[in-house]
Amino acid sequence: QVRLVESGGGLVQAGGSLRLSCAASGGTFSDLGMAWFRQAPGKEREWLLAISRDGSKIIYADSVKGRFTTDRDNAKNTLDLQMNTLKPEDTAVYYCAATLTINTNDYDKEWLYKYWGQGTQVTVSS
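Here the structure is a predicted model, which is why all the values come from computation and not from measurement.

A.B. asks: Please clarify how the pattern of salt bridges should be interpreted in this entry.
C.D. replies: Two side chains that carry opposite charge are able to pair once their charged atoms sit near each other. Evaluation of the coordinates by the stated rule reveals eight salt bridges. For Arg-38, the salt bridge goes to Glu-46, with nearest N and O atoms at 2.9 Å. Assessed through its relative accessible area of 7%, Arg-38 is described here as buried. Note that Asp-108 and Lys-109 form a salt bridge whose closest N and O atoms lie 3.0 Å from each other. In this structure Asp-108 comes out as partly exposed when scored by relative accessible area, which is 32%. The exposure class of Lys-109 is partly exposed, given its relative accessible area of 32%.

Written out as structure tokens, the structure reads:
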């Protein structure tokens with residue numbers, strides 16, 4: 001079964017940057033559409049970005065467009081999230097997620113993703 005493990009979270013000042021990583025195992029990584037979500041205290045889980053199986057298409061939520069980007073290395077079975085110009089409101093637990101569904105418009109739906117990482121905490125101080 002697919003297993004996802006995240007790393008790279010931590011504490012950063014507003015305006016700074018962090019890079020998160022997601023390592024996948026137990027399946028064919030290139031068969032997986034991937035996404036990043038986050039969940040802040042007292043809020044529902046929020047979709048951030050999705051990336052296609054070959055990495056050629058990336059779709060962004062308005063809240064992160066222009067500040068965050070994602071990329072994947074299918075040879076190394078890894079997915080990265082580059083976060084720039086961080087704001088205190090970016091403070092949350094960040095998750096990577098995977099789906100086997102092909103050609104869907106539901107890329108921003110939590111239920112689409114059947115495999116999830118454990119989450120990594122990102123804290124942005126003001």
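A.B. asks: Teacher, can you tell me more about the nonpolar core here?
C.D. replies: Side chains of nonpolar character tend, in soluble globular proteins, to be buried together. Leu-4, Met-34, Trp-36, Met-83 and Tyr-94 are the most contacted members of the largest nonpolar core, which has 36 residues in total. Not counting the four nearest positions on each side in its chain, Leu-4 is found in contact with Cys-22, Ala-23, Ala-24, Met-34, Cys-96, Ala-97, Ala-98, Tyr-115, Trp-116, Gly-117 and Gln-118.

A.B. asks: I tried to follow the state of the cysteines on my own but got confused; where do I start?
C.D. replies: Between two cysteines, a covalent bond joining their sulfur atoms is known as a disulfide. According to the stated counting rule, one finds one disulfide in the structure shown. In this model Cys-22 forms its disulfide with Cys-96; the gap between the sulfur atoms is 2.1 Å. The sign of the 65° torsion about the S-S bond sets the Cys-22-Cys-96 disulfide as right-handed. With Cys-22 in strand 3 (residues 18-25) and Cys-96 in strand 9 (residues 92-99), this residue pair connects regions lying 74 residues apart in the sequence. Each member of the pair, Cys-22 as well as Cys-96, carries the same accessibility label: buried.

The rules we used
- Residues numbered from 1 in each chain as written.
- Predicted model: local features only at pLDDT ≥ 70, side-chain atom pairs only at ≥ 80, totals over all residues.
- Heavy atoms only, no water.
- Salt bridge = Lys/Arg side-chain N within 4 Å of Asp/Glu carboxyl O.
- Buried < 20%, exposed > 50% of the residue type's maximum accessible area, 1.4 Å probe, protein only.
- Core = buried A, V, L, I, M, F, W, Y, C linked by side-chain atoms within 4.5 Å.
- Contact = heavy atoms within 4.5 Å.
- Disulfide = S-S within 2.5 Å.
- Helix = DSSP H or I, 4+ residues; strand = E, 2+ residues; numbered from the N terminus.

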